[in-house]
There are 2 protein chains.
Amino acid sequence: MIRNLTEHDKEHLQEALVKSGQKVTPQREAVFTVLLAERDHPTVDEVFNRAREVMPGLSLATVYNCLETFVGCGLVRQVNHERESTRYCPNLAPHAHFRDKETGQVHDIELPPEVMKSLRSILPPGFDSEVIEISFLGRAQAKDTHSN
Amino acid sequence: MIRNLTEHDKEHLQEALVKSGQKVTPQREAVFTVLLAERDHPTVDEVFNRAREVMPGLSLATVYNCLETFVGCGLVRQVNHERESTRYCPNLAPHAHFRDKETGQVHDIELPPEVMKSLRSILPPGFDSEVIEISFLGRAQAKDTHSN
DNA sequence: AACACAGTTAGAATGAGTCTAATCCGCAAG
DNA sequence: CTTGCGGATTAGACTCATTCTAACTGTGTT
């Protein structure tokens, strides 16, 4: 089920929040806990439902707020696929996403630095990019790494 | 403004439609004409407004239908950026998209085959991908190639 | 104790996209 | 012809993720 945050994760959360002038609140802890509990890529609704088990009064708006705050201070990444609901991902290492056409599951794909470099190199002069999103769509019959 | 389709483009449209069992209709021609007229990345609404100049009775639903049909028979690509409205792109050559953070304009970025290959190579065994989407977000002070 | 103020809350509002049911149109059969 | 069929088109209702709003809460401050 949903374990509490380790000391380490708690510090991580606190540091990131404080650094961008935000406060640590019980709701934010709860949402962050949910995100770390399963390293999948939950939608806002999934986060909401999971977090409610731990904090029943929590409102959907707050989940939106928390997640937005986390994105703002670099704690999590948003993952968008086509027009589906936005998903959230606490894996901060540079990685691509692979979405299984049939199951809808999203898998993290590691991005070696040389691939990142070759991608950056295809930008014509004058183009300066901060964020590169790479997403695959297909079929995976994987034994599961980080799934959903 | 909006010119008529060249013979060549008309054949292209007809061939693709017929090949997937669809009919050529005036509405589809109008929408396709709009897409080719400016090689930008219009939203459904933009396509709708432009196409209305040429065919005033055209309905929004039809524009959605036409574009869906075109995507289905490989005539155009959808371009999604975060949660913004879907845009449509008649450039079929493999390419990435660069979105200017400030202007919102979308630029096509050519994708050399070796980059495609290196991307495909990072997929672990068992993962089979048909579609790869690559999008950059940043600032461009470009002299303009294919813009918007 | 009174204040300020960020965070939280419920519910209303938004807006892209989808669905539905009615109509239209081209064409093949009678 | 004219009738009937099926796909395409249409207007408008609907959905649903997300955003907005305005009231409320809780904590720390003077």
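Residues numbered from 1 in each chain as written. Chains lettered and ligands numbered in written order. Predicted model: local features only at pLDDT ≥ 70, side-chain atom pairs only at ≥ 80, totals over all residues. Heavy atoms only, no water.

Points about the nonpolar core
Part 1 of the argument: Membership of the largest hydrophobic core comes to 28 residues, with the highest contact counts inside it found for Leu119, Ile134 and Phe136 of chain A together with Leu119, Ile134 and Phe136 of chain B.
Part 2 of the argument: Elements with a contribution of two residues or more to this core: β3 (95-100), α5 (113-121) and β5 (127-140) of chain A together with β3 (95-100), α5 (113-121) and β5 (127-140) of chain B.
Part 3 of the argument: In contact with phenylalanine 136 of chain B, other than residues within four places in its own chain, are Leu119, Ile122, Leu123, Ser129, Val131 and Ile132 of chain A together with His81, Ala96, His97, Phe98 and Arg99 of chain B.
Part 4 of the argument: Residues Leu13, Leu36, Val44 and Ala51 of chain A belong to the second largest nonpolar core, which totals 24 residues. (Core = buried A, V, L, I, M, F, W, Y, C linked by side-chain atoms within 4.5 Å. Buried < 20%, exposed > 50% of the residue type's maximum accessible area, 1.4 Å probe, protein only. Helix = DSSP H or I, 4+ residues; strand = E, 2+ residues; numbered from the N terminus. Contact = heavy atoms within 4.5 Å.)

Remarks on the protein's contact with DNA strand C
Part 1 of the argument: Not every one of the 15 residues close to DNA strand C is listed here, only the nearest: Thr25, Ser59, Thr62 and Arg83 of chain A together with Thr86 of chain B.
Part 2 of the argument: A distance of 3.2 Å separates a phosphate oxygen of DNA strand C from a polar side-chain atom of arginine 28 of chain A.
Part 3 of the argument: Between a phosphate oxygen of DNA strand C and a main-chain N or O atom of serine 59 of chain A, the distance comes to 3.2 Å.
Part 4 of the argument: Counted by class, the surface near DNA strand C contains three nonpolar, nine polar and three charged residues. (Near = heavy atom within 4 Å. Polar contact = N/O pair within 3.5 Å; in protein donor to acceptor, adjacent residues only side chain to side chain. Nonpolar A, V, L, I, M, F, W, Y, C, P; charged D, E, K, R; others polar.)

A word on the relation of the copies chain B and chain A
Part 1 of the argument: Mapping chain B onto chain A leaves a residual RMSD of 0.0 Å; the transformation is a rotation of 180° accompanied by 0.0 Å of translation along its axis. The superposition of one copy onto the other is thereby described by a two-fold rotation axis. Taking the C-alpha atom as reference, chain B places isoleucine 134 of chain B closest to the rotation axis, 2.3 Å from it.
Part 2 of the argument: Of the interface residues in chain B, 100% have counterparts in chain A that sit at the interface too, so the contact is made through matching surfaces. (Least-squares fit on C-alpha atoms with pLDDT ≥ 70 in both.)

Concerning the domain arrangement of chain A
Residues and elements named next belong to chain A.
Part 1 of the argument: Looking at the assigned domains, one finds that chain A contains domain 1 (7-87) and domain 2 (93-138).
Part 2 of the argument: For domain 1 and domain 2, the distance between their C-alpha centres works out to 23 Å.
Part 3 of the argument: Each partner contributes residues to the interface: domain 1 has eight residues there, and domain 2 has nine residues.
Part 4 of the argument: Summed over both partners, the interface of domain 1 with domain 2 buries about 810 Å², with 45% contributed by carbon and sulfur atoms.
Part 5 of the argument: If you look at where domain 1 meets domain 2, you find two salt bridges.
Part 6 of the argument: Between arginine 99 and glutamate 84 there is a salt bridge whose closest N-O contact spans 3.1 Å.
Part 7 of the argument: Taken together, the links from domain 1 to domain 2 amount to five residue pairs in polar contact (both at pLDDT 80 or more).
Part 8 of the argument: Here the element with the most residues in the side of domain 1 that touches domain 2 is strand β1 (residues 77-79); it accounts for three residues. (Domains from an automatic or database assignment. Buried area = accessible area lost by both parts, 1.4 Å probe. Salt bridge = Lys/Arg side-chain N within 4 Å of Asp/Glu carboxyl O.)

Examining the interface of chain B and chain A
Part 1 of the argument: Across the contact, 36 residues belong to chain B and 36 residues belong to chain A.
Part 2 of the argument: In this assembly, chain B packs against chain A so that about 3,000 Å² is buried in total across both faces, 60% of it on carbon and sulfur atoms.
Part 3 of the argument: In this assembly, chain B and chain A are joined by two salt bridges.
Part 4 of the argument: Applying the counting rule to chain B against chain A returns 17 residue pairs in polar contact (both at pLDDT 80 or more).
Part 5 of the argument: Listing elements by their share of the side of chain B that touches chain A, those giving two or more residues are β4 (106-110), α5 and β5 of chain B.

A look at the environment of aspartate 108 of chain A
Part 1 of the argument: The residue aspartate 108 of chain A is located in strand β4 (residues 106-110) in this model.
Part 2 of the argument: Among the polar contacts listed, one links the side chain of aspartate 108 of chain A to the side chain of histidine 41 of chain A, at a separation of 2.7 Å.

Section: the sheet that holds β4 of chain A
Within a sheet, neighbouring strands are paired by backbone hydrogen bonds and run either parallel or antiparallel to one another.
Part 1 of the argument: Judged by pairing direction, the sheet is mixed, and its six strands sit side by side in the order β4(A)-β3(A)-β5(A)-β5(B)-β3(B)-β4(B) without closing on themselves. For this open sheet the edge positions go to β4 of chain A together with β4 of chain B, each flanked by a neighbour on one side alone. On average, each strand axis in the sheet is inclined to that of its neighbour by 30°, with strand direction left out of account.
Part 2 of the argument: Pairing of β5 of chain A with β5 of chain B involves 13 bridges; the strand directions are antiparallel. If you follow glutamate 133 of chain A over to β5 of chain B, its bridge partner there is serine 135 of chain B.
Part 3 of the argument: Across the sheet, α5 of chain B lies against β5 of chain A together with β5 of chain B, angled at about 120° from β5 of chain B, the strand it touches most. (Pairing = 2+ DSSP bridges. Axes fitted to C-alpha atoms, helices over the stretch in contact; angles between N-to-C directions.)

Concerning the pairing of β3 of chain A
Residues and elements named next belong to chain A.
Part 1 of the argument: Summarising burial for β3: six of the six residues are buried, a large majority.
Part 2 of the argument: Neither face of β3 is open: one carries His95, His97 and Arg99, the other Ala96, Phe98 and Asp100, and all of them are buried.
Part 3 of the argument: In terms of strand pairing, β3 meets β4 through five bridges, oriented antiparallel. Counterpart to alanine 96 in the pairing with β4 is isoleucine 109.
Part 4 of the argument: Where β3 folds back onto β4 in an antiparallel hairpin, the turn is made up of five residues, including glycine 104, whose phi is positive at roughly 80°.
Part 5 of the argument: Relative to β5, β3 runs parallel, the two sharing four bridges. Bridge assignment links arginine 99 to a residue of β5, and that residue is leucine 137.

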